[in-house]
Amino acid sequence: FPSHDKHIRRLETVIYSYSNNREEDIEDDPQTTYWFEVSTHKKLIHLHTSKNDKEPFTYDVQINTKDGRVIVEDDDMNYLFLDSKERHWRVHNKDQSYIELDKRIINMHSHDEINLTATKYTLTAKESIDTKTKRYKERTDDYTLEAKDSITTETKEHKVGNENFTLHTSKNLRHNIEGHVLFETPRWVS
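What counts as what
- Residues numbered from 1 in each chain as written.
- Predicted model: local features only at pLDDT ≥ 70, side-chain atom pairs only at ≥ 80, totals over all residues.
- Heavy atoms only, no water.
- Helix = DSSP H or I, 4+ residues; strand = E, 2+ residues; numbered from the N terminus.
- Buried < 20%, exposed > 50% of the residue type's maximum accessible area, 1.4 Å probe, protein only.
- Contact = heavy atoms within 4.5 Å.
- Areas by Shrake-Rupley, 256 points an atom, 1.4 Å probe, with all protein chains shown as cover.
- Phe/Tyr/Trp six-rings, centres within 6.5 Å; stacked < 30°, edge-to-face > 60°.
- Lys NZ or Arg CZ within 6 Å of the ring centre and 35° of its normal.
- Pairing = 2+ DSSP bridges.
- Axes fitted to C-alpha atoms, helices over the stretch in contact; angles between N-to-C directions.
- Salt bridge = Lys/Arg side-chain N within 4 Å of Asp/Glu carboxyl O.
- Polar contact = N/O pair within 3.5 Å; in protein donor to acceptor, adjacent residues only side chain to side chain.
- Patch = residues over 30% accessible without salt bridge, like charges linked within 9 Å, V, L, I, M, F, W, Y side chains within 5 Å.
- Lys, Arg positive; Asp, Glu negative; His and termini not counted.
- Charge placed at Lys NZ, Arg CZ, Asp CG, Glu CD.

Focus on the overall build of the protein chain
Here's step 1: Broken down by element type, the protein chain carries zero helices and nine strands.
Here's step 2: Counting from the amino terminus, the protein chain carries its helices and strands in the arrangement β-β-β-β-β-β-β-β-β.
Here's step 3: A buried classification covers 13% of the 190 residues belonging to the protein chain.
Here's step 4: Partitioning the contacts of the protein chain with sequence separation of at least 6, the portion at a separation of at least 24 is 11%.
Here's step 5: For the protein chain, the accessible area works out to roughly 18600 Å², and carbon and sulfur atoms hold 50% of it.

Here's the deal with the packing of aromatic side chains
Here's step 1: Tallying each qualifying case throughout the model produces one aromatic pair.
Here's step 2: Positioned over the ring face of Tyr 98 is Arg 90, at 3.9 Å from the centre of the ring.

Describing the sheet that holds strand S9 (residues 105-109)
Here's step 1: The strand order across the open sheet built from nine strands is S1-S2-S3-S4-S5-S6-S7-S8-S9, with neighbouring strands paired in antiparallel fashion. Edge strands, defined here as strands with exactly one partner in the open sheet, are strand S1 (13-19) and S9. Taking each pair of neighbouring strands and ignoring which way they run, the sheet shows an average axis angle of 5°.
Here's step 2: As defined by bridge partners, strand S8 (residues 98-102) adjoins S9 across five bridges and the pair is classed as antiparallel.

Looking at the pattern of salt bridges
Here's step 1: Under the defined criterion, the tally for this structure stands at eight salt bridges.
Here's step 2: The salt bridge partner of Asp 75 is Lys 51, with a shortest N-O separation of 2.6 Å. Taken together, the residues span a long stretch of sequence, with Asp 75 in the loop between strand S5 (69-74) and strand S6 (79-83) and Lys 51 in the loop between strand S3 (44-48) and strand S4 (59-64) at a distance of 24 residues.
Here's step 3: According to the relative accessible area criterion, Lys 51 is partly exposed, its value standing at 38%.
Here's step 4: Its salt-bridge partner being Glu 86, residue Lys 103 comes within 3.1 Å of it at the nearest N-O pair. Placement of Lys 103 in the loop between S8 and S9 and of Glu 86 in the loop between S6 and strand S7 (88-92) is noted, with a sequence separation of 17 residues between them.
Here's step 5: Judged by its relative accessible area of 40%, Lys 103 is partly exposed.

A look at the environment of Pro 56
Here's step 1: For Pro 56, the position within the fold is in the loop between S3 and S4.
Here's step 2: Of the residues examined, Pro 56 reaches a relative accessible area of 62% and is grouped as exposed.
Here's step 3: When the C-alpha atoms of Pro 56 and Asp 75 are compared, they prove to be 9.4 Å apart, with 19 residues separating the residues in sequence.

With respect to the pairing of S3
Consecutive side chains of a regular strand alternate in pointing toward one face of the sheet and then the other.
Here's step 1: In S3, alternate side chains face the same way, and those of Leu 44, His 46 and His 48 are buried while those of Ile 45 and Leu 47 on the opposite face are not.
Here's step 2: Here strand S2 (residues 33-39) hands over to S3 after four residues, with Lys 43 in that stretch at a positive phi of 60°.
Here's step 3: Summarising the sheet, S3 and S4 pair through five bridges and their orientation is antiparallel. From the neighbouring strand, His 46 faces S4, where its bridge partner is Gln 62.

Re unusual backbone geometry
Here's step 1: For Lys 43, which is not glycine, the phi dihedral falls at a positive 60°.
Here's step 2: Classification of Lys 43 as partly exposed rests on a relative accessible area of 33%.

A look at the side chain of Asp 83
Here's step 1: Residue placement: Asp 83 occurs in strand S6.
Here's step 2: There is a polar contact of 3.2 Å between the side chain of Asp 83 and the side chain of Arg 69.

Some points on a positive patch on the surface
Here's step 1: A contiguous patch of positive charge, built from Lys 134, Arg 135, Lys 137 and Arg 139, is present on the exposed surface.
Here's step 2: Position of Lys 134 relative to the elements: it lies in the segment after S9.

Written out as structure tokens, the structure is:
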């Protein structure tokens, strides 16, 4: 700052505007310019682009220091949102897919698919895991299921089909089955 301005400059709003018009006879306005606003009055920094020169989208980046929020959005319903006070992040697109961090809760949503790919994947839930789906399939070379207290399976039909099936129990094995059970094996040991 120049030394003579130090004692007179206080809250201010400054807007810089950059023309996005190719033709000379078109008047510049907020829809035909890229502009940048810094307002200590409004506690706001705002960057805006236009699309009058064949850009596919407009973009707005807004830092609202009064409310503690940051928004990055285009004009096609895609946005990134941060509310610092509420500890809330959200990344959202036009297709209604989103990832949301709301304090200590994380939400993800997609109308079609969510894909996770990793060399190692660990899921730890201290209380419960609930899965609701029409079909459930797992494929693996080796599968181990350990249950400290019990395993309960409720189903209309249970099939076991493989080359070698071994069942070991140190106490009781109990099945309540309505209907029939069919075991097909070349050898049976009981």
